[in-house]
Amino acid sequence: MNDAAGCLTAGLERHVVLVAPEIHWNTGNIGRTCLGAGARLHLIRPLGFSLDSRQVKRAGLDYWNRVSPGIWDSFDAFCEAFNPVEGEMALFSKAANRVFWEMPACRRMFLVFGSETGGLPELILSSYPKDCYRIPTTGEIRSLNLSTAAGIALYESIRSGKREVETALGDA
């Protein structure tokens with residue numbers, strides 16, 4: 001992680017989790033955003049593209065080799081490895097009732113997104129009913145692009161998390 005990203009996320013741990021991503025351009029763009037924000041990218045199989053694909057590397061530009069995403073065979077395997085506690089998960093769905101600025105401000109957060117065409121599976125959403133959020137839009141569009149949504153959520157989680165860390169340090 002570069003020094004600027006370390007300062008951006010000092011005291012915070014951020015993970016962007018893509019469940020069954022389908023479009024290599026989005027994954028490359030999200031990887032680049034994660035690298036710039038000091039976050040870790042995780043990809044949950046199945047993937048709609050090959051990670052060796054020239055297009056993924058092009059979308060991540062010359063940064064892809066430093067993104068080094070975690071690859072998981074299932075969402076359950078990912079959760080078993082990281083064991084998130086209450087409040088650390090934020091699942092994104094256009095059908096969620098809560099808006100993203102209501103996300104908790106935790107030191108460690110997992111921002112979870114579904115595939116471009118299907119979103120998150122109902123089984124995953126129903127496992128975390130209090131942790132589902134949406135990014136509001138006008139009725140003029142169906143939804144935001146996945147890479148745009150991931151960037152919005154990631155930087156909002158950093159902004160609110162930094163405030164929480166600074167408050168905790170001030171109370172110490």
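Just above, that's the structure.
Novice: Describe in detail the overall build of the protein, supporting the description with residues and values.
Specialist: Tallying secondary structure elements over the protein gives seven helices and seven strands in all. When the helices and strands of the protein are listed from N to C terminus, the series reads α-β-α-β-α-α-β-α-β-β-β-α-β-α. Out of the 172 residues belonging to the protein, those deemed buried represent 48%. Of all intrachain contacts in the protein linking residues separated by at least 6 positions in sequence, the fraction that spans at least 24 positions is 78%. For the protein, the accessible surface area stands at approximately 9,200 Å², while carbon and sulfur atoms represent 51% of it.

Novice: Just give me the short version of the sheet that holds strand β2 (residues 40–44), but keep the residues and values in it.
Specialist: As summarised here, the arrangement of the seven strands in space is β3-β2-β1-β6-β4-β7-β5, forming an open sheet in which the pairing is parallel. Each edge of the open sheet is held by one strand with a lone partner, namely β3 (70–72) and β5 (98–99). Note that strand β4 (residues 89–92) and strand β6 (residues 108–113) share three bridges and pair parallel. By the bridge assignment, Leu-91 is partnered in β6 with Val-112. Most of the contacts of helix α2 (residues 24–37) go to β2, to which it runs at about 150 degrees, and overall it touches β1 (13–19) and β2.

Novice: Provide a residue-level description of the environment of Arg-142, including the pertinent values.
Specialist: With respect to the element layout, Arg-142 can be found in the loop between β7 (132–134) and α7 (146–171). Counting along the chain gives 48 residues from Arg-142 to Lys-94, while the straight-line C-alpha distance between them is 8.7 Å.

Novice: So what's going on with the pairing of β2? Residues and values would help.
Specialist: For β2, the tally of buried residues reaches four of five residues, placing the bulk of the element in the interior. Across five bridges, β1 lies against β2 in parallel orientation. From the neighbouring strand, Val-19 faces β2, where its bridge partner is Ile-44. Tracing the backbone out of β1, into α2 and back to the parallel element β2 gives a crossover that is right-handed.

Novice: With reference to specific residues and values, describe the environment of Phe-49.
Specialist: Residue position: Phe-49 is located in the loop between β2 and α3 (54–59). Between the C-alpha atom of Phe-49 and that of Trp-25, which follows or precedes it by 24 residues, the distance is 10.0 Å.

Novice: Lay out the side chain of His-15 in plain terms, naming residues and giving numbers.
Specialist: Assignment of secondary structure puts His-15 in strand β1. Within the local environment of His-15, its side chain forms a polar contact with the side chain of His-42, the two groups lying 2.8 Å apart. Each residue touching His-15, except ones within four places of it in the same chain, is listed here: Arg-40, His-42, Phe-82, Met-109, Phe-110 and Leu-111.

Novice: Which residues make up the pattern of salt bridges, and what values do they have?
Specialist: In the structure shown here, the tally under the stated rule is four salt bridges. Ionic pairing is found between Asp-73 and Arg-45, a salt bridge with its closest N-O pair at 2.9 Å. Taken together, the positions of Asp-73 in the loop between β3 and α5 (75–82) and Arg-45 in the loop between β2 and α3 put the pair 28 residues apart, joining distant regions of the chain. Note on Asp-73: relative accessible area 60%, which makes it exposed. Judged by its relative accessible area of 42%, Arg-45 is partly exposed. In this structure, Arg-98 engages Glu-102 in a salt bridge whose closest nitrogen and oxygen atoms are separated by 3.4 Å. Owing to a relative accessible area of 31%, Arg-98 belongs among the partly exposed residues under this scheme.

Parameters at a glance
- Residues numbered from 1 in each chain as written.
- Predicted model: local features only at pLDDT ≥ 70, side-chain atom pairs only at ≥ 80, totals over all residues.
- Heavy atoms only, no water.
- Helix = DSSP H or I, 4+ residues; strand = E, 2+ residues; numbered from the N terminus.
- Buried < 20%, exposed > 50% of the residue type's maximum accessible area, 1.4 Å probe, protein only.
- Contact = heavy atoms within 4.5 Å.
- Areas by Shrake-Rupley, 256 points an atom, 1.4 Å probe, with all protein chains shown as cover.
- Pairing = 2+ DSSP bridges.
- Axes fitted to C-alpha atoms, helices over the stretch in contact; angles between N-to-C directions.
- Right-handed = clockwise from strand over helix to strand, strands pointing away.
- Polar contact = N/O pair within 3.5 Å; in protein donor to acceptor, adjacent residues only side chain to side chain.
- Salt bridge = Lys/Arg side-chain N within 4 Å of Asp/Glu carboxyl O.

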